Amino acid sequence: MTVTWNTNSTDNNWWNPANWTDTYGGQWINGVYVSHYVPEDVGNQPVLISGSQSAPTKVDYDASVSKEASNQLNNLEIGSYATVSVHGVQTTGDYAFNVNNLTVDANGELDIDTTSSVLLGSNPNINGTLKISNAQAVINSHSVSGSGTLILDHSILGSTSAYMQMGSNLTTKLENNSALYINNAVAGKAIEVDNSKNYIILQDYNQTVNTQIIGYNDNTVIRIESGGQTPISASWTYNNNGTYTIFIAFDQWGNGIKFTDVVLDKDPPFTIGTFKIVQNADGSWDITDPAGTDTSGKSTPTSFGGSTDDSCFLAGCMLQTVSGLKAVEDVQIGDEIITFDHQNSTDVIQPVVWVGKTHARALPDLSDDMAGYPVRILKDAIADGLPVKDMLITPEHCLFLDGKFVPVRMLVNGVSIFYDKSIASYDYYHIETEKHSIITVDGVLTESYLDTGNRATFWQPGSVVSLRRTLRTWENDAAAPLDVSRTFVEPLFRQIEDRAIGNTAGTNVVSFSNDPELRLVTENGVTIRPAREHNGYVTFMIPGNVENLRIISRASRPSDVIGPFVDDRRYFGVAIDEITLFEGKQSISITSHKTDAELDGWLNATSENARWTNGNALLSLGKRQISSVAMLTLRIHAAGPYVMSDATASTRQQVA
């Protein structure tokens, strides 16, 4: 039996049962015979969506409208002239799209644009187009086959534990700041890169990549993950056929990584120069040729979303210098600025020793503080004349208040200090003095750059100067103490909030829930919902041969439920005490969640004798009998509250 899309459908909604039919004319589902149903209702049946050149099929798959989005389809074939568009977020934390065997035929397309995880099964066969935008795609086999095109749009495929093997006839396109991890030099027919910052990532051993690299430019990065090898040089060789070879050497005896077929970008034309090798804070190495078309000598790096390291100014912030106010984007090495020595209450003149610039792109489906939006501090938000005009900084940037530094994200009240979501792409700037300093920007005392390890992610305009390589720490090198304790920050938050109390924007209604929506998900993506709930015990029926499960629930952060002045941004799901498996005549107590400190998805946070999940926690049941059906009982010690919508300061107080 095959479940097929009805080409005479009245709309393009995946979740409309009337749009589907099967070769039997119907199915018994939950004791009721239905003639039309969505494929997830019977996930083990093959699913076919096809169209024609004269009547192409378009199917809209909104993951946010149905919990069934997490149910796994066994086989999905997107035929010729059919396009399936996956979007929307699975708020439950499950997969937004889940298929075990995926085929996209020639002239067919699967377009995925969601920040929820998607599971594409084992070795998807792509002969048409698979486009992944902003998503975390999981491919169990770490391989993709076919002769079509895989497009990564602001996405990453693979990881340091999952390098990908691409089919020999497959073309991968990296667009809009994307990354591809390739395994054993099996990288497909071609990798095309656009002019944004794109990464081709390999392990650090001898290998030759014969895949054609098309469009190499000054933003193309070859990253070698950390290991036993150190790249000592990189060089170009012309192949006499319009292409080039790149060789990255590990030593003087010819060991290294070779790309044999590199085509330079023609729009705009890229001119080869001298490679630059930079080691990142995590030990990996980036190899770039910054000569190219950027006359400054280096392209501007791009960061995705927020970072705990990025504390910077946006263009237009005005710095107090000896010669007057100067926009941060115009500050140069050697400029003298006025810094404040708070211990002696005096001004000190210091020269700028380094300036850095990078580009940020927000990821809108992440939480506001992690999405990468800048924080806007309205004029007079802190006090009269503080700041003297609206000020734009990154969330981790610190303000100097009451003798200490405080990250501005902990002062966001949604009214006078808020994440400016109208700015999703922007440049930001670092300014470093010889010693970490308190500086004045837009009339507000704030901080200069403190190099804690992320300098390599910034572009320095002009000539490169020699800098120390010793990293600094907040404990030993900061100009003033950093204090993120609630006892210190909450009074500051309340003072600033009181100044904005007349603005009605702070009275949005926010809903909370104590219902965790608890369920289990098997390794194959099958959701198991509770069979019984009583007096804190939740019982599930577990099919035979299921040995590993994920405990899935809603999750919220103290910084959202109570307020941003609580510096705890961990997601808390449910606190679980006893776990018992009843199988056959045995009662088995499972204690790994209490004994394994590194168990995936479990926080190092306890409530009495229970341990909290993060909303997606691993539970191993051990060896099971194939035909046995077991009963699993979880004792829930605590759950919630969970934020059901964006919280503002006024409503957070209700649950503080």
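Residues numbered from 1 in each chain as written. Predicted model: local features only at pLDDT ≥ 70, side-chain atom pairs only at ≥ 80, totals over all residues. Heavy atoms only, no water.

(A) Molecular detail of the overall build of the protein chain. Along the protein chain, the regular secondary structure elements total 6 helices and 57 strands. Within the protein chain, buried positions represent 51% of all 656 residues. Put simply, of all contacts in the protein chain between residues at least 6 apart along the chain, 58% involve residues at least 24 apart. Carbon together with sulfur atoms contributes 47% to the accessible area of the protein chain, which is approximately 28300 Å² in total. (Helix = DSSP H or I, 4+ residues; strand = E, 2+ residues; numbered from the N terminus. Buried < 20%, exposed > 50% of the residue type's maximum accessible area, 1.4 Å probe, protein only. Contact = heavy atoms within 4.5 Å. Areas by Shrake-Rupley, 256 points an atom, 1.4 Å probe, with all protein chains shown as cover.)

(B) Representation of the pairing of strand β8 (residues 82–87) within the structure. Taking every second residue as pointing to the same face, the buried face of β8 carries Ala 82, Val 84 and Val 86, while none of Thr 83, Ser 85 and His 87 on the other face is buried. Relative to strand β10 (residues 109–113), β8 runs parallel, the two sharing 5 bridges. Note on β10: the bridge partner recorded for Val 84 is Leu 110. (Pairing = 2+ DSSP bridges.)

(C) Just helix α3 (residues 486–499), in detail. Under the 1.5 Å per step criterion, the end-to-end length of α3 is 20 Å for 14 residues, consistent within 8% with the ideal 20 Å. For α3, the full list of buried residues reads Phe 488, Val 489, Glu 490, Leu 492, Phe 493, Arg 494, Ile 496 and Glu 497. (Expected span 1.5 Å × (residues − 1).)

(D) Inspection of the environment of Ala 383 at higher detail. Mapped onto the elements of the fold, Ala 383 is located in the loop between β37 (375–377) and β38 (391–393). In this structure the C-alpha to C-alpha distance between Ala 383 and Arg 499, which are 116 residues apart in sequence, comes to 8.1 Å.

(E) Local environment of the packing of aromatic side chains. Taken as a whole and assessed by the stated rule, the structure comprises 18 aromatic pairs. Judged by centre distance (5.2 Å) and plane angle (80 degrees), the rings of Tyr 61 and Phe 97 are edge-to-face. Pair noted here: Tyr 61 is in strand β6 (residues 57–62) and Phe 97 is in strand β9 (residues 97–104), with a separation of 36 residues, a long-range link. The exposure class assigned to Tyr 61 is buried, which follows from its relative accessible area of 0%. (Phe/Tyr/Trp six-rings, centres within 6.5 Å; stacked < 30°, edge-to-face > 60°.)

(F) Expanded view of a nonpolar patch on the surface. Judged by side-chain polarity, Met 541, Phe 582, Val 629 and Met 631 come together as a nonpolar surface patch covering roughly 340 Å² of accessible area. Structurally, Val 629 is set in the loop between β55 (616–620) and β56 (630–639). (Patch = residues over 30% accessible without salt bridge, like charges linked within 9 Å, V, L, I, M, F, W, Y side chains within 5 Å. Salt bridge = Lys/Arg side-chain N within 4 Å of Asp/Glu carboxyl O.)

(G) Broad picture of the nonpolar core. Counting 70 residues, the largest nonpolar core has Trp 14, Leu 76, Leu 110, Leu 120 and Phe 259 as its most contacted members. Ignoring any residue separated from it by four or fewer positions in sequence, one finds Leu 110 in contact with Ile 78, Val 84, Val 86, Phe 97, Leu 102, Val 104, Thr 129, Leu 130 and Lys 131. (Core = buried A, V, L, I, M, F, W, Y, C linked by side-chain atoms within 4.5 Å.)

(H) The pairing of strand β7 (residues 73–78), seen in detail. Sheet analysis places strand β5 (residues 46–49) next to β7, joined by 4 bridges and oriented parallel. Looking at the pairing, Ile 49 lines up with Ile 78 of β7. Of the pairings in the sheet, the one linking β7 to β9 comprises 5 bridges and is parallel in character. Following the sheet pairing, Asn 75 is matched in β9 by Asn 101.

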